[in-house]
Amino acid sequence: MIGTDLNKAINFLKQGELVAIPTETVYGLAANAFDEKAVLKIYQAKNRPQFNPLIIHSNAIEKFTSWGLILPEKLLQLATRFSPGPLTYVIPKSNQIPDMVTAGTDAVAIRIPNHPIALKLLSELDFPLAAPSANPSGYVSPTNALHVQEQLGEKVSYILDGGECNVGLESTIISFLDNVPSILRFGGLSLEAIESVIGKVNSSFNNQHAISPVAPGMLSRHYATKHKLIVGDVEKNILQSASQKIAIISFHKKYNEVVEAHQFILSKNKNLEEAAQKLFSVMRAIDKLDVDVILAEEFPEIGLGRAINDRLKRASIK
Ligand code: AMP
Ligand code: MG
């Protein structure tokens, strides 16, 4: 059921049930992180491999320290600027964090989401919420309540409606497990913003190495559309897809070779934030069309362009 009743959401969560919650990044599938039975329901509802750990959410840094977590100085500097916000910190876990949340690893991922309803909800709870994106594992993340309803409606007790997500991409994940902080996933906060506060970080991960087992599940096909998706030079790929029904995802350009109804321009004004915000709902919309292939441009590798490229590339892996 979709609704805006905060008390209903609170009661379901206290009873160990699943509630989909709005955040500024994407909708989360939330459960009491301290209740292993409730957390198990998240994995089951999403069909998520149990080796893929969950991010825990709360409304204040002090709550995380009260749960035994030790926060490094650079994390605190970032938190002062960017939390609440689309930034997740990976740090050593404490005994109070169940293994079910961290998938048996010694690290936990924490975040303060920047959404008024999520913050109000979290402020009423004395436990953190474990919440991955509220979509079946591997599919595109939901950016409004209806997206959740369509795919997980039967599996959640309540969907708390907080409107459209205004960032629209998952959080950026930064790890503090090594001396030099490293980015584990590009997302809604740019690398440039992070480095402007704490200086150079390690962001050189690529699809060949480094991530596993720190953040399992990051290498594989993910955020995937049902239709085949190809990223790269769209003009060239149009020629190579002759006789196929094509949809296009572009930054700001029009392609005369393809019917207008199948062209999705993410930002006429060349604004990467706007493009990021629209990306997932466009991917979902295209999945409902009768097309054979989605051709996506490669976006500029700056700001949120990095995260957009990351999602498109992982959607394109077969
Ligand atoms: P989602 O919330 O669906 O975007 O997925 C959460 C992401 O956070 C996944 O990519 C996880 O691999 C990553 N993550 C969660 N917990 C940890 C952790 N303890 N260490 C590293 N990565 C994590
Ligand atoms: Mg996800």
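The numbering scheme is per chain: residues are counted from 1 as the chain's sequence reads. By the order in which they are written, chains take letters starting at A while ligands take numbers starting at 1. Where totals are concerned, whole chains, interfaces and linings use all residues; where local detail is concerned, this predicted model gives features only for residues with pLDDT of at least 70, and gives and counts side-chain atom pairs only at 80 or more. As a rule here, side-chain values cover all heavy atoms of the structure and leave hydrogens and water aside.

Points about the sheet that holds strand β11 (residues 228–231)
At least two bridges found by DSSP between two strands is the condition for calling them paired. Comment: elements are numbered from the N terminus, with helices defined as DSSP H or I runs of at least four residues and strands as E runs of at least two. Overall, parallel pairing links the 4 strands, which are arranged β11-β14-β12-β13 in an open sheet. Two strands close off the open sheet at either side, each with one partner strand: β11 and β13 (263–265). Adjacent strand axes in the sheet meet at a mean angle of 15° when their direction is disregarded. Pairing geometry for strand β12 (residues 246–250) and β13, over 3 bridges, is parallel. Bridge pairing links Ile249 to Phe264 in β13. Two residues form a contact once any of their heavy atoms are found within 4.5 Å. Only the contacting stretch of a helix is used when fitting its axis, a line to C-alpha atoms as for every element, and angles between N-to-C directions run 0 to 180 degrees. Across the sheet, helix α10 (residues 272–287) lies against β11, β12, β13 and β14 (293–296), angled at about 175° from β12, the strand it touches most. Each of β11, β12 and β14 is contacted by helix α11 (residues 305–316), which is oriented at about 130° to β11, the strand it contacts most.

Topic: the packing of helix α4 (residues 73–82) against helix α8 (residues 191–198)
Running from N to C, α4 and α8 point in directions that differ by 120°, and their axes come no closer than 9 Å. Relative to α8, the element α4 lies oblique. For the pair α4 and α8, the sense of crossing is right-handed. Note on element contacts: α8 touches α4 through Ala193, Ile194, Ser196, Val197 and Ile198, opposite Lys74, Gln77, Leu78, Arg81 and Phe82. With respect to orientation, any angle under 35 degrees is reported as roughly parallel, any angle over 145 as roughly antiparallel, any angle of 65 to 115 as roughly perpendicular, and every other angle as oblique. Each helix crossing is assigned a hand: it is left-handed if the near helix lies turned anticlockwise from the far helix by less than a right angle, otherwise right-handed if that turn is clockwise.

Considering the packing of α10 against α11
At a closest axis distance of 9 Å, the pairing of α10 and α11 adopts a crossing angle of 20°. Between α10 and α11, the angle falls in the class roughly parallel. Relative to α11, α10 is oriented so that their crossing is left-handed. Here α10 contributes Leu272, Ala275, Ala276, Leu279, Phe280 and Met283 to the contact with α11, which in turn contributes Gly305, Ile308, Arg311, Leu312 and Ala315. Three residue categories are used. Nonpolar comprises Ala, Val, Leu, Ile, Met, Phe, Trp, Tyr, Cys and Pro, charged comprises Asp, Glu, Lys and Arg, and polar comprises the others, including Gly. For the contact of α10 with α11, the class distribution of residues is 9 nonpolar, 1 polar and 1 charged.

Overview of the side chain of Arg284
Along the polypeptide, Arg284 turns up in helix α10. For the exposure calls, accessible area comes from a 1.4 Å probe over protein chains only, and a residue counts as buried if that area is under 20% of its type's maximum, exposed if over 50%, partly exposed in between. His is not counted, nor are the chain ends, whereas Lys and Arg count as positive and Asp and Glu as negative. The term salt bridge refers to a side-chain nitrogen of Lys or Arg lying within 4 Å of a carboxyl oxygen of Asp or Glu. For the buried Arg284, no salt bridge exists, and the shortest N-O distance to an oppositely charged side chain is 4.5 Å, to Glu150. Beyond its immediate sequence surroundings of up to four residues, Arg284 is in contact with Asn135, Tyr139, Val140, Ser141, Pro142, His147 and Gln151.

Some thoughts on the sheet that holds strand β10 (residues 182–185)
With mixed pairing, the 10 strands of this open sheet are ordered in space as β1-β8-β2-β3-β7-β4-β6-β5-β9-β10. Strands at the two margins of the open sheet, each flanked by one partner only, are β1 (2–3) and β10. As paired strands, strand β3 (residues 28–32) and strand β7 (residues 129–130) are joined by 2 bridges and run antiparallel to one another. Paired with Asn32 across the two strands is Leu129, which belongs to β7. Its contacts with the sheet place helix α2 (residues 36–46) against β3 and β7, and it is angled at close to 155° to β3.

With respect to the confidence of the model for the chain
Chain-level pLDDT for the chain is 94 on average; 95% of the residues reach the 70-or-more range. The quantity known as pLDDT measures the predictor's confidence residue by residue, on a range of 0 to 100. Long-range and interchain partners of residues 207–214, a stretch whose pLDDT sits below 50, account for 11 contacts in this model, where long-range means more than four residues apart.

Focus on the environment of Ser157
In this fold, Ser157 is placed in the loop between α7 (145–152) and β8 (158–160). Expressed as a C-alpha distance, the spacing of Ser157 and Val19, which sit 138 residues apart in the sequence, is 5.8 Å. When neighbours within four sequence positions are excluded, Ser157 is seen to be in contact with Met1, Phe12, Glu17 and Leu18.

Some remarks on the nonpolar core
By nonpolar core we mean a set of buried residues, namely Ala, Val, Leu, Ile, Met, Phe, Trp, Tyr and Cys, connected to one another through side-chain atoms within 4.5 Å. With 78 residues, the main nonpolar core has Ile174 and Ile249 as its most contacted residues. Of the residues forming this core, the biggest block, 8 residues, is contributed by α10. Every residue in contact with Ile249, bar those within four places of it in the chain, is listed here: Phe264, Leu266, Leu279, Val282, Met283, Ile286, Ile294, Leu295, Ala296, Glu297 and Leu312.

What about the pattern of salt bridges?
A side chain with one charge can pair with a side chain of the opposite charge if their charged atoms come near. Here the structure, examined in full by the defined rule, presents 15 salt bridges. Salt bridges sharing common partners tie together Glu170, Asp310, Arg311 and Arg314.

Quick look at the packing of aromatic side chains
Centre distance and the angle of the planes are the two values used to describe a pair of aromatic rings. Any pair of Phe, Tyr and Trp rings, taking the six-membered ring for Trp, is counted once the centres come within 6.5 Å. Such a pair is stacked with planes under 30 degrees apart, edge-to-face with planes over 60 apart, and tilted for the rest. The final tally for this structure, using the stated rule, is 6 aromatic pairs. Geometrically, the ring pair formed by Phe251 and Phe299 is tilted, given 5.2 Å between the ring centres and 45° between the ring planes. Taken together, the positions of Phe251 in the loop between β12 and β13 and Phe299 in the loop between β14 and α11 put the pair 48 residues apart, joining distant regions of the chain. Residue Phe251 is classed as buried on the basis of its relative accessible area of 8%. Here Phe299 falls in the buried class, since its relative accessible area comes to 3%. Every member of this aromatic cluster is reached through a ring pair, and the members are Phe34, Phe64 and Trp67. We count a charge as sitting over a ring when the NZ of a lysine or the CZ of an arginine lies within 6 Å of the ring centre and within 35 degrees of the ring normal. Across from the ring centre of Tyr139, 5.0 Å away, lies the NZ or CZ of Lys226, which sits over that ring. Its end group placed over the ring of Phe186, Arg306 keeps NZ or CZ at 5.9 Å from the ring centre.

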